[in-house]
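A structural walkthrough
Next come the chains, spelled out residue by residue.
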Amino acid sequence: MDYEIQEDVLVETEVYEELLDLRDLVVINDDYNTFDHVINTLIRVCKHTNEQAEQCTLIIHYKGKCAVKKGTLEELKPMLDAIHDAGIGAEIQ
């Protein structure tokens, strides 16, 4: 196995991510929205599977927030707006 090639790929990936300026879309816990509403919103807006949405919702509930999607600001902004339109708190970090 040639470890040098694997190391080069890792370095290129890190540089590529830095060039893209990737950010996190973070959903914040509240006392108003139901689990089902948050799950359905993540499925619709972020294209999560049911399992992904359920896991994120549990993390949001127990930890207070969860990064539900990674992407550029241009990719995440419409998702942020749609989550806000659903009455759910979120931010891009």
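Check the entry above for the structure.
My aim in this report is to walk through the structure given alongside it, one point at a time. Everything numeric here is computed off the predicted structure, so don't read it as measured data.

What follows covers unusual backbone geometry. For Lys-47, which is not glycine, the phi dihedral falls at a positive 60°. You can see Lys-47 is positioned in the loop between helix 2 (35-46) and helix 3 (50-63). Take Lys-47: its relative accessible area is 65%, and that puts it in the exposed class.

Pairing is antiparallel in the open sheet, where three strands are placed in the order 2-1-3. The open sheet has two edge strands with one neighbour each: strand 2 (65-71) and strand 3 (90-92). Each strand axis lies, on average, 20° off the axis of its neighbour in the sheet, ignoring direction. Relative to strand 2, strand 1 (residues 23-28) is paired through six bridges, and the arrangement is antiparallel. Among the inter-strand pairings, Ile-28 is bridged to a residue of strand 2, identified as Lys-65.

Right, let's get into the side chain of Thr-72. Position of Thr-72 relative to the elements: it lies in the loop between strand 2 and helix 4 (73-85). Judged by its relative accessible area of 11%, Thr-72 is buried. Contacts of Thr-72, omitting those with residues within four sequence positions, involve Leu-20, Asp-21 and Leu-22.

What the rule picks out here adds up to zero disulfides. With no disulfide of its own, Cys-46 has Cys-56 as its nearest cysteine by sulfur position, at a separation of 8.0 Å. Between Cys-56, a cysteine without a disulfide, and Cys-66, which holds the nearest cysteine sulfur, the sulfur-to-sulfur distance is 4.0 Å.

The rules behind these values
Residues numbered from 1 in each chain as written. Predicted model: local features only at pLDDT ≥ 70, side-chain atom pairs only at ≥ 80, totals over all residues. Heavy atoms only, no water. Helix = DSSP H or I, 4+ residues; strand = E, 2+ residues; numbered from the N terminus. Buried < 20%, exposed > 50% of the residue type's maximum accessible area, 1.4 Å probe, protein only. Pairing = 2+ DSSP bridges. Axes fitted to C-alpha atoms, helices over the stretch in contact; angles between N-to-C directions. Contact = heavy atoms within 4.5 Å. Disulfide = S-S within 2.5 Å.

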